[in-house]
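# Descriptive analysis of the structure
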Amino acid sequence: MIRISPNTEPRPGSELSSAPTTVRMLSTLLISRSMRSRLETAAKAAKKALRELSQDHDEFFLVEFNERPRVTVKFTNNPNAIAKHLNATIALGRTSLLD
């Protein structure tokens, strides 16, 4: 049994609301040259996570970074928009160690 204590009184998890809650999820992806050989694997893992973990009412956005971070897909409730972008991502540039 899951027990959650929002205040001082523990309650069983079954007493919590079952109403859907929108989750806003940030995905980050390193796209520097050093990721060239691993980018396909990383993109596959990100797409799998979105497909398996998301609900219809959830929202996502994607930030890619190499020399600078960039929001490449703004908030959307369509995980396919992120998947489509990940399919076209190319590893370029250096990894920024300082920002």
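Rules behind the numbers
Counting restarts for each chain: residues are numbered from 1 in the order of the written sequence. In keeping with the predicted nature of the model, local features appear solely for residues at pLDDT of at least 70, side-chain atom pairs appear and are counted solely at 80 or more, and the whole-chain, interface and lining totals rest on all residues. Excluded from the side-chain calculations are hydrogens and water; all other atoms, namely the structure's heavy atoms, are used. For helices the rule is a DSSP run of H or I covering at least 4 residues; for strands it is a run of E covering at least 2, with both sets numbered from the N terminus onward. Per-residue accessibility, obtained with a 1.4 Å probe over protein chains only, is compared with the maximum for each type, and a residue is labelled buried under 20%, exposed over 50%, and partly exposed between these values. To be clear on the numbers: accessible area is Shrake-Rupley with a 1.4 Å probe, and residue cover counts the displayed protein chains and nothing else. Whether two strands pair depends on DSSP finding at least two bridges between them. The angle between two axes is taken between their N-to-C directions and runs from 0 to 180 degrees, where each axis is a line fitted to C-alpha atoms and a helix contributes only its stretch in contact. It only takes one pair of heavy atoms within 4.5 Å for two residues to be counted as in contact. Here, a salt bridge means any Lys or Arg side-chain nitrogen found within 4 Å of an Asp or Glu carboxyl oxygen. In these notes, a set of buried Ala, Val, Leu, Ile, Met, Phe, Trp, Tyr and Cys residues joined through side-chain atoms within 4.5 Å is what counts as a nonpolar core.

### Notes on the overall build of the protein chain
- Check the secondary structure of the protein chain and you find 2 helices and 5 strands.
- Moving toward the C terminus, one meets the helices and strands of the protein chain in the order β-β-β-α-β-β-α.
- Among the 99 residues that make up the protein chain, the fraction classed as buried is 25%.
- Split by element, the accessible area of the protein chain, about 7500 Å² in all, is 52% carbon and sulfur.

### Observations regarding the sheet that holds strand S5 (residues 69–76)
- Read across the open sheet, the 3 strands follow the order S3-S4-S5; overall the sheet is mixed. Single-partner strands in this sheet number two, and they are strand S3 (24–30) and S5. Adjacent strand axes in the sheet meet at a mean angle of 15° when their direction is disregarded.
- Against the sheet, helix H2 (residues 79–87) engages S3, strand S4 (59–65) and S5, with an angle of about 20° to S4.

### Focus: the pattern of salt bridges
- A complete count under the given rule lists 2 salt bridges for this structure.
- Here Glu59 ties to Arg24 by a salt bridge, and the two come within 2.6 Å at their closest N and O atoms. Of this pair, Glu59 sits in strand S4 while Arg24 sits in strand S3, placing them 35 residues apart in sequence.
- For Glu64, the salt bridge goes to Arg70, with nearest N and O atoms at 3.6 Å.
- Residue class for Arg70 comes out partly exposed when judged on its relative accessible area of 40%.

### Points about the nonpolar core
- Leu29, Ile31, Leu39, Ala43, Leu50, Phe60, Leu62, Val73, Ile82, Leu86 and Ala91 together form the largest nonpolar core, which totals 11 residues.
- Listing elements by their share of this core, those giving two or more residues are helix H1 (39–53), S4 and H2.
- At 3 residues, the largest contribution of residues to this core is made by H1.
- Residues within four places of Ile31 in sequence aside, it is in contact with Leu39, Glu64, Phe65, Asn66, Arg70, Thr89, Ile90, Ala91 and Leu92.

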